[in-house]
Amino acid sequence: MAFLFDLDGCLRYGLEPAPGAALLLHKLRRSGKSIMVLTNTSAKGADGLSEELRGIGLELRPAEIQTTFDAAGEYLRYRFGPTTVLCIGTPALHERLRYEGHEVLPLARCREAKAVVVGRDQEFNIDRMVAAAKAIDEGAAFIALNRDVRLPIEGGDYTAAAGPMVAAIGTLAYKEPEVLGKPSPAFFELALRRLGVAPKAAVMIGDNLETDIKGGKAAGLFTILTAESNVKPTADHDQADLVVYNLAELHKHFDRQL
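The following paragraphs examine the structure supplied in this document. Remember, it's a predicted structure, so these values are computed and weren't measured experimentally.

Section: the overall build of the protein chain
Within the protein chain, the regular secondary structure consists of nine helices and 15 strands. Here the C-alpha radius of gyration of the protein chain, 18 Å, is about what a compact globule of 258 residues would show, namely 18 Å. Dimensions of the protein chain, computed from the C-alpha atoms along their principal axes, are close to 60 × 35 × 35 Å. Taken across its 258 residues, the protein chain has 51% of its residues classed as buried. Residue pairs at least 24 apart in sequence account for 65% of intrachain contacts in the protein chain once pairs closer than 6 positions are excluded. For the protein chain, the computed accessible surface area is about 11,800 Å², with 52% contributed by carbon and sulfur atoms. A gap of 4 Å separates the mean positions of the 30 positive and 34 negative side-chain charges of the protein chain.

In structure tokens form, the structure reads like this:
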């Protein structure tokens with residue numbers, strides 16, 4: 001049996017671990033269950049996240065973390081081979097794409113891009129939005145690492161995720177993006193292949209109905225919604241196979257089975 005977890009808003013809030021997260025991971029490992037974190041983060045890869053999570057008491061090896069950050073360059077190579085990219089994202093994402101063999105273009109050369117890759121960009125502005133739209137106008141593939149709207153952080157607060165940036169570019173370019181991360185079925189299928197399990201032997205646990213729950217169900221997984229960080233509780237909660245308030249509440253369900 002494998003347990004797939006969302007990261008932000010589920011296992012952690014910013015640099016604070018979610019209540020019960022460390023103990024739950026420990027219990028699952030002790031009972032011989034496989035663990036994989038599926039995160040739409042576009043800011044850093046599995047190695048950096050593993051180190052960061054260890055610092056807040058969550059022991060997760062790089063092999064147990066799947067990110068859109070790590071998948072982006074590989075996906076571009078699959079689609080185009082080494083190519084020219086306009087990257088709207090962190091400096092680390094720029095470097096990762098270069099490491100994967102792609103040429104990351106400056107804004108002034110946007111019309112030469114074969115692909116526009118959009119992640120969360122804390123320096124996002126009108127110039128970047130316009131350059132991305134111009135590249136898409138010229139035929140560049142429009143690839144969003146995710147369309148998450150809000151990124152849960154410490155103290156029950158949130159900041160903007162990549163989705164608002166993707167939406168702004170798509171609006172200006174009159175174009176819908178290809179989405180690499182959740183809820184794309186391919187992102188879940190990749191995790192299942194890495195774990196060597198069938199969908200019926202896997203559980204997806206997350207706080208986002210659109211990405212974690214609907215994506216997990218579309219891929220054939222049993223789904224568990226943690227509703228604590230949901231800012232707009234709706235009747236759609238019943239789309240999950242199980243709804244709990246947080247991971248601490250989830251312990252009692254697992255204690256009866258593990």
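So, the packing of aromatic side chains
Across all of its chains, the model carries zero aromatic pairs by this definition. Sitting over the face of the ring of Tyr 158, Arg 150 holds its NZ or CZ atom 4.0 Å from the ring centroid.

Examining the sheet that holds strand β13 (residues 202–206)
Here we have six strands laid out as an open sheet, ordered β5-β4-β1-β13-β14-β15, and parallel in their pairing. Strands at the two margins of the open sheet, each flanked by one partner only, are β5 (65–67) and β15 (242–244). Here the strands of the sheet are splayed against their neighbours by 20 degrees on average, with no regard to which way each runs. Here four bridges tie β13 to strand β14 (residues 222–226), and the two strands are oriented parallel to one another. Considered in β14, the bridge of Ile 205 is made with Ile 224. Against the sheet, helix α1 (residues 21–30) touches β1 (2–5) and β4 (34–39), its axis set at about 160 degrees to β1. In this fold helix α7 (residues 185–195) packs onto β1, β4, β5 and β13, with an angle of close to 155 degrees to the strand it touches most, β4.

Here we look at the sheet that holds strand β8 (residues 115–118)
Neighbouring strands of a sheet are bound in pairs by backbone hydrogen bonds; such pairs are parallel or else antiparallel. Spatial ordering of the open sheet is given by β7-β6-β8-β9-β12, a layout of five strands whose pairing is parallel. Of all strands in the sheet, those with a lone pairing partner are β7 (103–104) and β12 (178–179), marking the two edges. Where strand β9 (residues 141–144) and β12 come together, two bridges link them in parallel fashion. Looking across to β12, one finds that Ala 144 is bridged to Val 179. Running over the sheet, helix α3 (residues 68–80) touches β6 (84–88), β8, β9 and β12 and is turned about 155 degrees from β9. Contacts from helix α5 (residues 126–137) reach β6, β8 and β9 within the one sheet, and its direction differs from that of β6 by about 145 degrees.

Looking at the side chain of Thr 84
Tracing the chain through its elements places Thr 84 in strand β6. Ignoring sequence-local partners within four residues, the contact set of Thr 84 consists of Glu 103, Leu 105, Glu 112, Ala 113, Lys 114 and Ala 115.

Considering the packing of α5 against helix α6 (residues 163–173)
Two elements in contact, α5 and α6, have axes separated by 9 Å at closest approach and are oriented at 50 degrees. The orientation of α5 with respect to α6, classified from their angle, is oblique. The chirality of how α5 crosses α6 is right-handed. For the pair α5 and α6, the contacting residues are Met 129, Val 130, Ala 132, Ala 133, Ile 136 and Asp 137 in the first and Ala 168, Ile 169, Leu 172 and Ala 173 in the second. Taken together, the residues of the contact of α5 with α6 break down into nine nonpolar, no polar and one charged.

Side note on the side chain of Asp 6
Among the structural elements, Asp 6 can be located in the loop between β1 and β2 (12–13). For Asp 6, a relative accessible area of 7% corresponds to the buried category. In terms of polar contacts, Asp 6 uses its side chain to reach the side chain of Lys 182, at 2.8 Å. Setting aside anything within four residues of it in sequence, one finds Asp 6 in contact with Leu 11, Leu 38, Lys 182, Met 204, Ile 205, Gly 206, Asp 207 and Asp 212.

How each quantity is defined
Residues numbered from 1 in each chain as written. Predicted model: local features only at pLDDT ≥ 70, side-chain atom pairs only at ≥ 80, totals over all residues. Heavy atoms only, no water. Helix = DSSP H or I, 4+ residues; strand = E, 2+ residues; numbered from the N terminus. Rg over C-alpha atoms; globule rule 2.2 N^0.38 Å. Buried < 20%, exposed > 50% of the residue type's maximum accessible area, 1.4 Å probe, protein only. Contact = heavy atoms within 4.5 Å. Areas by Shrake-Rupley, 256 points an atom, 1.4 Å probe, with all protein chains shown as cover. Lys, Arg positive; Asp, Glu negative; His and termini not counted. Charge placed at Lys NZ, Arg CZ, Asp CG, Glu CD. Phe/Tyr/Trp six-rings, centres within 6.5 Å; stacked < 30°, edge-to-face > 60°. Lys NZ or Arg CZ within 6 Å of the ring centre and 35° of its normal. Pairing = 2+ DSSP bridges. Axes fitted to C-alpha atoms, helices over the stretch in contact; angles between N-to-C directions. Parallel < 35°, antiparallel > 145°, perpendicular 65-115°, else oblique. Left-handed = near helix turned anticlockwise from the far one by under 90°. Nonpolar A, V, L, I, M, F, W, Y, C, P; charged D, E, K, R; others polar. Polar contact = N/O pair within 3.5 Å; in protein donor to acceptor, adjacent residues only side chain to side chain.

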